[in-house]
Amino acid sequence: RLFAVPEPMWPQREKKTADGRRHFDVIIASEFRLLGGTNMSNVEEIKAQKQKGLRTGLMQMSRYDFQSRKEMNPHIRELLDGDLVQMVVYGEEISCDLLIIRHPPVLQEWQKYLPNVKAKRVNVIVNQPPKRDYSKKGNTLYTIPDCAKRMKEYFGTTGTWYPIGPLVREALLTHHSHELHPISLASEDWVNIIDVQEWKRASRPLRSEKIKIGRHSRDQYVKWPIDRTELFKVYPESAPFEVHVLGGAAAPMKVVGELPANWYVYEFGEMHPKEFLATLDVFVYYTHPDWIEAFGRVIFEAMAVGVPVVIPPIYEQLFGDAALYAEPDDVQETIVQLMDNPDFYESQVEKAQAYVEANFGYTKHISRIESFIFDRTNHS
């Protein structure tokens, strides 16, 4: 077949279980049109499950304040094979051992056109806090009680909610403790994963007079420092630094008026992050002070490639000694020290890749879902 189609369109339909349902090991429900970290995370989990021989169903759940794209993320579409990875659609009766719902905003509004899913276990992955930012004007993206109500209506349970990292957990407990009573908040985080061997670059770029600082993110104000002074402390406007940006730079342009001559900007999706990161000397990632970065997938992508990372101290709980931490005033000095010491540079690369492999590798994901996969042999 030239492309995968849903099972209800197959000339020969699949054999059902005794209760008339098709069975999957795992179903991932998410907004599959998004282009950023949400679906990069979905892609990696689908690949890890496929590598293990697990059968994965994908269920589109729409986010109704999202209007920018009508098409499925192409990286998700590429994984559909009509066998181990399939779309499940409205009108189907489905069962699964584990239903993973990634991206809570998809639960905010009622949706009729979903398959009927009977899940033995339901996990909600909280990959962003309920508010866009925690300033006085921060928009609310979803409310936990409303999402819990939808969960109950769809699946008969509010599930177990897993923060994607310590910063999201802290945001939930600090700002939303009064809303948590309808749900069960897991004691552990559901961290992102990556295949280090797939992302690892063959070699470090040759050292030149310029130091290539890079960053990758969506082009939103919350993803950048708050003002001109802060911005140029971490992303300098002069030699010996070059600043390379993947994801667009309209947001910083509003802050500074005109981008410096030593900045080189690529739009979001213009190249694969792995290719972009492989050209850098250092990855530097600083954001708006009112923004709570859910996890920082772009940070460990840089680590996996082999690019040393300089980030704010708030990430230390998550990344330990795999990153270098600096306040904005100290970023440039930290970068220069790193670049002037080749042994330090290489040790930081090795340390970071080992840390990512141990804490965010595919085996991490498989081990955490194995306890939720029941009686696989009966459904293979």
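These figures come from a predicted structure and were not determined experimentally.

Novice: Requested: an account of the overall build of the protein, with residues and values cited.
Specialist: A tally of helices and strands in the protein yields 13 helices and 14 strands. For 380 residues, the compact-globule estimate of 2.2 N^0.38 gives 21 Å, and the C-alpha radius of gyration of the protein, at 22 Å, lies within 12% of that figure. Overall size of the protein, expressed as C-alpha extent along the three principal axes, is 70 × 45 × 35 Å. By the burial criterion, 56% of the 380 residues in the protein qualify as buried. Within the protein, contacts between residues separated by at least 24 positions form 75% of all contacts whose residues are at least 6 apart in sequence. Only carbon and sulfur atoms are counted for the fraction: they give 50% of the accessible area of the protein, which is about 17100 Å². A distance of 7 Å separates the average location of the 46 positive side-chain charges in the protein from that of its 52 negative side-chain charges.

Novice: Quick rundown of the layout of surface pockets? Include the residues and the values.
Specialist: Empty space within the largest pocket amounts to approximately 1100 Å³. What lines the largest pocket is a set of 47 residues, and nearest its centre among them are Leu35, Gly36, Gly37, Arg218 and Phe268. Contributing elements (two or more residues each) for the lining of the largest pocket: α1 (37-51), α2 (74-77) and α9 (297-305). Considering every element that reaches the lining of the largest pocket, the biggest residue donor is α1, with 4 residues. Taken together, the residues of the lining of the largest pocket break down into 15 nonpolar, 19 polar and 13 charged. If you go around the second largest pocket, you meet 15 residues; those closest to its centre are Thr287, His288, Pro289, Pro312 and Ile314. Residue composition of the lining of the second largest pocket, grouped by class: 11 nonpolar, 2 polar and 2 charged.

Novice: Tell me what's going on with the state of the cysteines, and back it up with residues and numbers.
Specialist: If you walk through the whole model with that rule in mind, you get 0 disulfides. Of the cysteine sulfurs around Cys96, a residue in no disulfide, the closest is that of Cys147, at 19 Å. Look at Cys96 and you get buried, because its relative accessible area is 1%.

Novice: Go over the environment of Pro163, please, and point to the residues and values.
Specialist: Tracing the sequence through the fold places Pro163 in strand β7 (residues 160-163). A relative accessible area of 0% places Pro163 in the buried class. The sequence separation of Pro163 and Asn139 amounts to 24 residues, and the corresponding C-alpha distance is 20 Å. Apart from the residues lying within four places of it in its own chain, the contact partners of Pro163 are Val126, Val168, Arg169, Leu172, Leu185, Glu188, Asp189 and Trp190.

Novice: An account of the environment of Ile193 is needed here, citing residue identities and associated values.
Specialist: Take Ile193: it is sitting in the loop between β8 (184-185) and α5 (196-199). The exposure class of Ile193 is buried, given its relative accessible area of 1%. Non-local contacts of Ile193, meaning those with residues more than four positions away in its chain, are made with Glu44, Glu45, Ala48, Arg297, Phe300, Phe360, Gly361, Tyr362, His365 and Arg368.

Novice: Describe the pairing of strand β9 (residues 211-216), with residues and values.
Specialist: Within β9, 5 of the 6 residues are buried, which leaves it mostly tucked inside the rest of the structure. Sheet analysis places β9 next to strand β10 (residues 241-246), joined by 6 bridges and oriented parallel. Looking at the pairing, Lys212 lines up with Glu242 of β10. Regarding topology, helix α6 (residues 228-234) serves as the crossover connection from β9 to the parallel β10, and that connection is right-handed. In the sheet, β9 pairs with strand β12 (residues 282-284) via 2 bridges, with the strands oriented parallel. Bridged to Ile213 within β12 is Val282.

Novice: Explain the packing of aromatic side chains to me, and be specific about the residues and the numbers.
Specialist: Counting across every chain of the model gives 14 aromatic pairs. An angle of 90 degrees between the planes, with centres 6.4 Å apart, marks the rings of Phe232 and Trp263 as edge-to-face. Placement of Phe232 in helix α6 and of Trp263 in strand β11 (residues 263-266) is noted, with a sequence separation of 31 residues between them. Taken individually, Phe232 and Trp263 each receive the classification buried, so the pair is uniform in this respect. Ring centres of Phe283 and Tyr285 lie 6.2 Å apart, and the angle between their planes is 20 degrees; on these two criteria the pair is classed as stacked. For the pair Phe283 and Tyr285, one class covers both residues: buried. An aromatic cluster is defined as three or more aromatic residues linked by ring pairs; in this entry it consists of Phe300, Tyr315, Phe319, Tyr355 and Phe360. Its guanidinium or amino end placed over the ring of Phe24, Arg55 lies 4.3 Å from that ring's centre, counting from NZ or CZ. The residue whose ring lies beneath Arg215 is Trp224, and the NZ or CZ to ring-centre distance is 3.8 Å.

Novice: So what's going on with helix α4 (residues 166-175)? Residues and values would help.
Specialist: Pro166, Leu167, Val168, Arg169, Ala171 and Leu172 are the residues of α4 that are buried. Buried residues belonging to α4 abut β6 (122-126), α3 (144-155), β7, β8 and α10 (316-319).

The rules we used
- One numbering rule holds for all chains: residues counted from 1, following each sequence as written.
- Residue-level local features of this predicted model are given only where pLDDT is at least 70; pairs of side-chain atoms are given and counted only at 80 or more, and the full residue set underlies all totals for whole chains, interfaces and linings.
- Side-chain measures were taken over the full set of non-hydrogen atoms in the model, leaving aside hydrogen atoms and water.
- Secondary structure counts use DSSP, requiring at least four H or I residues in a row for a helix and at least two E residues in a row for a strand, with both numbered from the N terminus.
- Each radius of gyration is computed over the set of C-alpha atoms, and the globule rule expresses the reference value as 2.2 Å times the number of residues to the power 0.38.
- Whether a residue is buried, partly exposed or exposed follows from its accessible area with a 1.4 Å probe, protein chains only, as a fraction of its type maximum: under 20%, in between, or over 50%, in that order.
- Residue contacts follow a heavy-atom distance rule, with two residues in contact if any of their heavy atoms lie within 4.5 Å.
- Using a 1.4 Å probe, accessible areas were evaluated by the Shrake-Rupley method; residue-level cover was limited to the displayed protein chains.
- Under the convention used here, Asp and Glu are negative, Lys and Arg are positive, and both His and the chain ends fall outside the count.
- Where a charge lies is defined by one atom per residue type, namely NZ (Lys), CZ (Arg), CG (Asp) and CD (Glu).
- Put simply, the grid is 1 Å and covers the protein atoms alone, a cavity is a trapped set of points that fit a 1.4 Å probe, a pocket is an open set with protein on both sides within 12 Å along at least five of seven lines, and lining residues have an atom within 4 Å of a point.
- Grid points are joined across faces, edges and corners, and a volume is the space filled by probe spheres set on the points.
- All residues other than Ala, Val, Leu, Ile, Met, Phe, Trp, Tyr, Cys, Pro, Asp, Glu, Lys and Arg, Gly among them, are scored as polar; the first ten of these are nonpolar and the last four charged.
- Our working definition of a disulfide is a cysteine sulfur pair at a distance within 2.5 Å.
- The pairing criterion for strands is at least two bridges between them, as found by DSSP.
- Handedness is read with the strands pointing away from the viewer; a crossover is right-handed when the path from the first strand over the helix to the second is clockwise.
- Between rings of Phe, Tyr and Trp, where Trp is taken as its six-membered ring, a pair exists when centres lie within 6.5 Å; planes separated by under 30 degrees are stacked, by over 60 edge-to-face, and by other angles tilted.
- Cation placement over rings: the criterion is NZ of Lys or CZ of Arg within 6 Å of the ring centroid and within 35° of the ring normal.

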